[in-house]
Amino acid sequence: MLLILALSAALAAGAQTADMVVVNARIHTLDGARPRADALAVRNGRILAVGGDMAEYAGPRTRRIDAGGATIVPGFIDSHGHMRGLGESLESLDLRHTATLAEALELVRAAVSKRRPGEWVRGRGWDQTRWLGREFPTAAQLSGVSPNNPVYLTRVDGHAAWANRRALEAAGITVSTPDPPGGRILRDAAGWPTGVLIDRAMGLVARRIPPPDQSRIREQLARAASECARLGITSVHDAGVSSHELSAYRTLIAEGRLPVRVYAMIGGEGSLWESFLKRGPEIGERLTVRCIKLMADGALGSRGAALKEPYTDESGNLGLLILERRDIERVARAAVAQGFQVATHAIGDRANRVALEAYGAALASVDNRRFRIEHAQVVSPEDVELFARHGVIASIQATHATSDMRWAEARLGPQRVLGAYAWRTFLAGGVRIANGSDFPVEDANPLWGFYASITRQDHSGSPQGGWMAAHRLSREEALRSWTIDGAYAAFEETLKGTLAPGKAADFVILSHDIMTVPPPEILKARVNMTVLAGEVVYAAQP
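Residues numbered from 1 in each chain as written. Predicted model: local features only at pLDDT ≥ 70, side-chain atom pairs only at ≥ 80, totals over all residues. Heavy atoms only, no water.

Thoughts on the side chain of Arg416
Here comes step 1: Tracing the chain through its elements places Arg416 in helix α14 (residues 408-416).
Here comes step 2: Although Arg416 is buried, it makes no salt bridge; Asp349 carries the closest opposite charge, 4.7 Å away.
Here comes step 3: There is a polar contact of 2.9 Å between the side chain of Arg416 and the backbone oxygen of Pro310.
Here comes step 4: Residues contacting Arg416, with those up to four places away along its chain left out, are Leu307, Glu309, Pro310, Tyr311, Thr312, Asp349, Val378 and Arg411. (Helix = DSSP H or I, 4+ residues; strand = E, 2+ residues; numbered from the N terminus. Buried < 20%, exposed > 50% of the residue type's maximum accessible area, 1.4 Å probe, protein only. Lys, Arg positive; Asp, Glu negative; His and termini not counted. Salt bridge = Lys/Arg side-chain N within 4 Å of Asp/Glu carboxyl O. Polar contact = N/O pair within 3.5 Å; in protein donor to acceptor, adjacent residues only side chain to side chain. Contact = heavy atoms within 4.5 Å.)

Listed below in structure tokens is the structure:
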């Protein structure tokens, strides 16, 4: 009997032996029971223990990591990104940092020199508000550096495209081509297309571009996932996927090549949505599909966001309402019936109101389904109550505020801008917020989003005190928005988002303590290590 008891005790002790122990760290757990710790232990991809001395959990095969006093936080959750877009951006023309039109054109010229005649040139990231005059570019300018290759360049917000004459010709766009529903072809005084296409007009050209094959999509997603791991992102809410991307994700998981968890939103109505309505949500630790993403309007920078009153800097323009209330409500009712979440892109105050009213009708007789508004940038103060009443999550992107602050008031005017990027108004109204980057629209680095959340300043520290500083988040609020609140927005708060026993061992070791260092030092912080489910998926070179 004594032998049996001794053997049982040994087996019990062995069952608690950690696969990994991390010591000598400054851990911000976001767990109310133990908000700070010095060490943690991991077993079978979950947190085994958090505290001080981890000696009792260490065995001969336990991997020991000395953090050297570095900071550990839960793995960052980007609640709104575009994985394939990130993968494409890493291999295509990047215009985000062009300070002038001439600089953008020179990058296109260099890209054309490496292409065969007739081969498409693609890129993204141009922003006319950074260029002298802030005027939209033209097809003629682009054709000057690419007369023989069709060129298609999406704006930084992804809601406008700049095409040259060859691309317009390939799409058959002429003076007589009508604006498609939910889209706009910019025209000159004589009615000729200028080369800039807004929202659904972009598809007139985009559909003419030869699509990538399945292997290319798979490699783009793999490249994006590796970049996320490098930046400390352990989960991404991929905002609008196709069946091809879901297939690629499943292959990468089978091959052990997906170092990030993906919460996938189906990209609008269509055959993929119909198939999931029949089969129900797909729930997994690396890939979950239980949300549909809708598009209610365009973007503010390209004046496509749907506003209640005209743009201050373009008389008569109310923006583009891409979906009517009845369309959103129809999808929302179907989603409620089959256990799906709805996430609607809504930037302008009119689009936000339409989406909220549609949600309210669909949610009237059911419990909180955690429906979401993606971006929620310009919201009338009286509409915040609708977020709270229906349990709608505001899925924000902090760096949009610091990117748009240069021109937002010009678009909205001094009064309406007070309801823009108003994060504290949401919190005060009992609305939960989840943070993200909208990469590749913005840089994918979550530390930049954390910095923007607490400062509302650009990287030079401007404006002094922060833009509309009353809406800054505290550091804990910001970290929560990038971790546990993102997990909540995906129904995954019991799995991840804090560092507590039983939770997923998703965490990041940082070179700086972002919870205490002066704000400018946050921008200098680097990821030393990213751990997903107890596996080191990224380690910085010494």
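Some thoughts on the pattern of salt bridges
Here comes step 1: Considering all chains together, one arrives at 40 salt bridges under this definition.
Here comes step 2: Residue Glu382 is joined to Lys308 by a salt bridge in which the shortest nitrogen-to-oxygen separation is 3.9 Å. A residue pair is termed long-range when its members are at least 10 positions apart, and Glu382 in the loop between β19 (372-375) and α12 (384-389) and Lys308 in the loop between β17 (287-295) and α10 (325-338) qualify at 74 residues.
Here comes step 3: Here Glu385 makes a salt bridge to Arg389, at a shortest N to O gap of 2.7 Å. With Glu385 and Arg389 both in helix α12, this residue pair falls 4 residues apart, about one helical turn.
Here comes step 4: Each of Lys308, Arg325, Glu329, Arg333, Arg353, Glu357, Glu382 and Asp383 takes part in a single network of salt bridges with overlapping partners.

Regarding the packing of helix α8 (residues 243-254) against helix α9 (residues 271-279)
Here comes step 1: Direction vectors running N to C along α8 and α9 enclose 60 degrees, while the axes themselves pass 10 Å from each other. The orientation of α8 relative to α9 falls into the category oblique. Facing α8, whose interface residues are Ser243, Leu246 and Arg250, α9 presents Leu272, Phe276 and Arg279.
Here comes step 2: Classifying every residue of the contact of α8 with α9 by side-chain character gives 3 nonpolar, 1 polar and 2 charged. (Axes fitted to C-alpha atoms, helices over the stretch in contact; angles between N-to-C directions. Parallel < 35°, antiparallel > 145°, perpendicular 65-115°, else oblique. Nonpolar A, V, L, I, M, F, W, Y, C, P; charged D, E, K, R; others polar.)

Quick notes on the sheet that holds strand β12 (residues 160-163)
Here comes step 1: Spatially, 6 strands are ordered β9-β10-β11-β12-β14-β13 in an open sheet, and the strand pairing comes out mixed. Among the strands making up the open sheet, the edge pair consists of β9 (93-94) and β13 (183-187).
Here comes step 2: In this structure, β12 lies alongside strand β14 (residues 193-199), joined through 3 bridges in antiparallel fashion. Looking at the pairing, Ala161 lines up with Leu197 of β14. (Pairing = 2+ DSSP bridges.)

Quick notes on the nonpolar core
Here comes step 1: Ranked by size, the top nonpolar core spans 104 residues in total, and within it Met83 and Phe387 carry the most contacts.
Here comes step 2: The element best represented in this core is helix α11 (residues 349-363), accounting for 8 residues.
Here comes step 3: Setting aside residues no more than four positions away along its own chain, Met83 makes contact with Gln220, Leu221, Ala224, Ala225, Cys228, Val236, Asp238, Tyr249, Val260 and Phe439. (Core = buried A, V, L, I, M, F, W, Y, C linked by side-chain atoms within 4.5 Å.)

Some remarks on α14
Here comes step 1: Every buried residue of α14 is accounted for by Ala408, Arg411, Leu412, Gly413 and Arg416.
Here comes step 2: Tucked into the core, α14 has its buried residues touching α11 and α13 (398-404).

Considerations on helix α7 (residues 214-230)
Here comes step 1: Given a rise of 1.5 Å per residue, 17 residues ought to cover 24 Å, and the 25 Å separating the end C-alpha atoms of α7 matches this to within 8%.
Here comes step 2: Within α7, burial applies to Ile217, Arg218, Gln220, Leu221, Ala222, Ala224, Ala225, Glu227, Cys228 and Ala229.
Here comes step 3: The first or second residue beyond α7 is Gly232, which carries a positive phi of 85 degrees. (Expected span 1.5 Å × (residues − 1).)

Points about the packing of α7 against α8
Here comes step 1: In the contact formed by α7 and α8, the axes pass within 9 Å of each other and the chain directions differ by 65 degrees. As judged from the angle between their axes, α7 and α8 are roughly perpendicular. Crossing hand, α7 versus α8: right-handed. Here Gln214, Ile217, Arg218, Leu221 and Ala222 of α7 lie close against α8, whose contacting residues are His244, Glu245, Ser247, Ala248, Tyr249, Thr251 and Leu252.
Here comes step 2: Across the contact of α7 with α8, the residue classes tally to 6 nonpolar, 4 polar and 2 charged. (Left-handed = near helix turned anticlockwise from the far one by under 90°.)

Some thoughts on the sheet that holds strand β18 (residues 341-346)
Strand pairing within a sheet occurs via backbone hydrogen bonds; the two strands may be parallel or antiparallel.
Here comes step 1: Spatially, β8-β15-β16-β17-β18-β19-β20-β21 is the arrangement adopted by the 8 strands of the open sheet, whose pairing is parallel. Two strands in the sheet have a free side with no partner beyond their single neighbour: β8 (76-81) and β21 (433-435). With strand direction ignored, the average angle separating the axes of adjacent strands in the sheet is 25 degrees.
Here comes step 2: With 6 bridges connecting them, strand β16 (residues 261-267) and β17 associate as parallel partners.

Observations regarding the environment of Glu324
Here comes step 1: Secondary-structure assignment places Glu324 in the loop between β17 and α10.
Here comes step 2: Given a relative accessible area of 35%, Glu324 falls into the partly exposed group.
Here comes step 3: Spatially, the C-alpha atoms of Glu324 and Ala351 are 8.9 Å apart, while their sequence positions differ by 27 residues.

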